[in-house]
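Structural description and commentary
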Amino acid sequence: MELLQGERILWQGRPSWRAQLSFFVIWIPVALLPVIIAGIVRANDGDTGLPYWQWLLISLLLVVLVVAFDVLRRYATFYQVTNQRLRVRRGILARDEQTARFERVQNVNISQSMMDRLMRVGAVDFDTAGTAETSSQFRFAGIADPQGLVRIVGENTMSHGEHTAQGI
């Protein structure tokens, strides 16, 4: 992401791995199902059609796929706050990028589930003045220390508003 003249980065980051724990809680056990089922069938003197080590390998590969999917999904999302604007970039091969100047920010909301609070992560929604619903809302999801980000944006929005009011 290229910066404009006089623009400096105040905060940047990607979704935290801690925000994905609920994803892992669901998908890791699903990935382990082949080896678990094969173990149960084998313990009951049944035939699984494959040696047990192959079921273990299948489950291990599925776990690797779950972790790789999460890493790619988090890597494909990048958030940036500069002293002039908010930016969200999504995608690896194809990209979508949203940008909003600070004077367009109208509301800032933090949302955290109970699990998010335990993991110290959350989502920050920036509502902006815009015509389309997709262009009027920025969501920085799964970020560590959402209150810190809101503080950075709030301080900069106030100072930006003072400069605008003074004609600077």
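Residues numbered from 1 in each chain as written. Predicted model: local features only at pLDDT ≥ 70, side-chain atom pairs only at ≥ 80, totals over all residues. Heavy atoms only, no water.

Turning next to a nonpolar patch on the surface. The grouping of V25, I26, W27, V30, L32, L33, I36, I37 and I40 at the surface amounts to a nonpolar patch, some 800 Å² of accessible area in total. Inspection of the secondary structure puts L33 in helix α1 (residues 21-43). Looking at L33, the relative accessible area reads 40%, which means it is partly exposed. (Patch = residues over 30% accessible without salt bridge, like charges linked within 9 Å, V, L, I, M, F, W, Y side chains within 5 Å. Areas by Shrake-Rupley, 256 points an atom, 1.4 Å probe, with all protein chains shown as cover. Salt bridge = Lys/Arg side-chain N within 4 Å of Asp/Glu carboxyl O. Helix = DSSP H or I, 4+ residues; strand = E, 2+ residues; numbered from the N terminus. Buried < 20%, exposed > 50% of the residue type's maximum accessible area, 1.4 Å probe, protein only.)

A few words now on the environment of A144. You can see A144 is positioned in strand β7 (residues 137-144). As for A144 and R14, which are separated by 130 residues in sequence, their C-alpha atoms are 9.0 Å apart. When sequence neighbours within four positions are dropped, the list of residues in contact with A144 reads S16, R18, R120 and V121. (Contact = heavy atoms within 4.5 Å.)

The subject of this paragraph is α1. The first and last C-alpha atoms of α1 sit 31 Å apart over 23 residues, in line with the 33 Å expected at 1.5 Å per residue. A bend of about 45 degrees at L33 is the largest found in α1, and the proline P34 appears one to four places after it. Residues of α1 that are buried: F23, F24, A31, P34, V35 and A38. (Expected span 1.5 Å × (residues − 1). Bend = angle between axes of the 7 residues up to and from the residue.)

So, about the side chain of R74. Tracing the backbone through its elements, the reader meets R74 in helix α2 (residues 52-75). In this view, R74 contacts R14, P15, S16, W17 and Q20; residues no more than four positions away in its chain are not counted.

Attention now goes to the packing of aromatic side chains. Considering all chains together, one arrives at five aromatic pairs under this definition. Look at W11 and F140: their rings are 6.1 Å apart centre to centre, the planes differ by 35 degrees, and that puts the pair in the tilted class. Within this pair, whereas W11 is found in strand β1 (residues 9-13), its partner F140 is found in strand β7, the two being separated by 129 residues in sequence. Classification of W11 as buried rests on a relative accessible area of 17%. Residue class for F140 comes out buried when judged on its relative accessible area of 0%. Ring-pair connections join several aromatic residues into one group, and the members of that group are W11, Y79, F126 and F140. Above the plane of the ring of F23 lies R73, whose end atom (NZ or CZ) is 4.5 Å from the centre. (Phe/Tyr/Trp six-rings, centres within 6.5 Å; stacked < 30°, edge-to-face > 60°. Lys NZ or Arg CZ within 6 Å of the ring centre and 35° of its normal.)

Another aspect to go through is the packing of α1 against α2. Pairs of packed helices are described in terms of their axes, by the angle between the two and the distance that separates them. Contact geometry of α1 with α2 gives a least axis separation of 9 Å together with a crossing angle of 175 degrees. Considered as vectors, α1 and α2 are oriented roughly antiparallel to each other. Residues F23, F24, W27, I28, A31, L32, L33, P34, V35, A38, G39 and R42 of α1 pack against Y52, W55, L56, I58, S59, L62, V63, V66, V67, F69, D70 and R73 of α2. (Axes fitted to C-alpha atoms, helices over the stretch in contact; angles between N-to-C directions. Parallel < 35°, antiparallel > 145°, perpendicular 65-115°, else oblique.)

In low-pLDDT regions, the fine details of the predicted coordinates are not to be read closely. Taken residue by residue, the chain gives an average pLDDT of 88. The fraction at 70 or more is 88%. When pLDDT is averaged over each helix and strand of the chain, the minimum, 74, is found for helix α4 (residues 146-165) and the maximum, 96, for α2. (pLDDT = per-residue confidence, 0-100.)

Another aspect to go through is the sheet that holds strand β4 (residues 96-101). Reading across from one edge, β1-β2-β3-β4 is the order of the four strands in this open sheet, with antiparallel pairing throughout. The strands lining the two open edges of the sheet, one partner per strand, are β1 and β4. Averaged over all pairs of adjacent strands, the angle between their axes in this sheet comes to 10 degrees, without regard to strand direction. Of the strand pairs in this sheet, strand β2 (residues 77-82) and strand β3 (residues 85-90) are connected by five bridges, and their pairing is antiparallel. (Pairing = 2+ DSSP bridges.)

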